[in-house]
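# What the coordinates show
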Amino acid sequence: QVQLVESGGGLVQPGGSLRLSCAASGSRSIFSIYTMGWYRQAPGKQRELVAAITNRGAITNRGTTTYADSVKGRFTISRDVANNTLYLQMNSLKPEETAVYYCNARQGPVDVWGQGTQVTVSS
């Protein structure tokens, strides 16, 4: 059973930065099996994909990345294969990006979510 635990959220001023982490357990090498991504859900909105990284069987930290148009150039998704950890570096944060950010692991019918970490962008 795969478990995901997010961390790194908090309160940040507009224009500030945060780095989110997602620690995966229950899999020797999660990136060899699952596509990993970050989603967010803002108040009154649907959960949306922020960024994803794919490359089944990967033995390096490199992978194919995908970003929502709204975050391109500001956010960077990355991974540490050896430590089963996913990251999201968020720069130049905007108030409208206040949301709960979730780590996700997906493979076929399996769809695993973390509990989420709150990111609040406010002065």
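Everything in this summary refers to the structure shown in the same document. Here the residue numbers are simple positions, counted from 1 along each chain's written sequence. Only residues with pLDDT of at least 70 are given local features in this predicted model, and only at 80 or more are side-chain atom pairs given and counted; all residues enter the totals for whole chains, interfaces and linings. Hydrogens and waters are ignored; side-chain quantities use all the structure's heavy atoms.

Looking now at the state of the cysteines. Two cysteine sulfurs form a disulfide in these notes if their separation is within 2.5 Å. Inspection of the entire model under this criterion finds one disulfide. Put simply, Cys22 and Cys103 are joined by a disulfide, and their sulfur atoms are 2.0 Å apart. Judged by the sign of its S-S torsion, about -80 degrees, the cystine formed by Cys22 and Cys103 is left-handed. A residue pair is termed long-range when its members are at least 10 positions apart, and Cys22 in strand 3 (residues 18-25) and Cys103 in strand 9 (residues 99-107) qualify at 81 residues. According to the relative accessible area criterion, Cys22 is buried, its value standing at 1%. Only DSSP runs of H or I covering at least 4 residues are called helices, and only runs of E covering at least 2 are called strands; the numbering of each starts at the N terminus. Using a 1.4 Å probe on the protein chains alone, a residue whose accessible area is under 20% of its type maximum counts as buried, one over 50% counts as exposed, and one in between counts as partly exposed.

Attention shifts here to the packing of aromatic side chains. Ring pairs (aromatic) are described by centroid distance and by the angle formed between their planes. Each Phe, Tyr or Trp ring (for Trp, its six-membered ring) is paired with any other whose centre lies within 6.5 Å, and the angle between the two planes then decides the class: stacked below 30 degrees, edge-to-face above 60, tilted in between. Taken as a whole, this structure holds two aromatic pairs when the rule is applied. With centroids separated by 4.9 Å and ring planes inclined at 70 degrees, the aromatic side chains of Tyr39 and Trp113 adopt a geometry described as edge-to-face. With Tyr39 in strand 4 (residues 35-41) and Trp113 in strand 10 (residues 110-113), the pair connects residues that are 74 residues apart, well separated along the chain. For Trp113, a relative accessible area of 29% puts it in the partly exposed group. Grouping aromatic residues by their ring pairs yields a cluster made of Tyr39, Tyr102 and Trp113. Should the NZ of a Lys or the CZ of an Arg lie within 6 Å of a ring centre and within 35 degrees of the ring normal, that charge is described as sitting over the ring. One cation-aromatic arrangement involves Arg19 over Tyr87; the distance from NZ or CZ to the ring centre is 4.0 Å.

Our focus in this paragraph is the pattern of salt bridges. The term salt bridge refers to a pairing of a side-chain nitrogen on Lys or Arg with a carboxyl oxygen on Asp or Glu at a separation within 4 Å. This structure, assessed with the given rule, holds five salt bridges. A salt bridge links Arg106 to Asp111; the shortest N-O distance between them is 3.2 Å. Relative accessible area serves as the criterion here: at 38%, Asp111 is assigned to the partly exposed category. Look at the salt bridges and you will find they share partners, linking Arg40, Glu48, Arg74 and Glu97 into a network.

For the rest of this paragraph, the subject is the nonpolar core. By size, the foremost hydrophobic cluster in this structure holds 33 residues, and its most contacted members are Leu4, Met36 and Leu88. Elements with a contribution of two residues or more to this core: strand 3, strand 4, strand 5 (48-54), strand 7 (75-80), strand 8 (85-90), strand 9 and strand 11 (117-121). Whether two residues are in contact is decided by their heavy atoms: any pair within 4.5 Å suffices. Setting aside its immediate chain neighbours within four residues, Leu88 contacts Leu18, Arg19, Leu20, Trp38, Val50, Ala51, Phe75, Thr76, Ile77 and Tyr101. Here, nonpolar core refers to any group of buried Ala, Val, Leu, Ile, Met, Phe, Trp, Tyr and Cys residues whose side-chain atoms link them within 4.5 Å.

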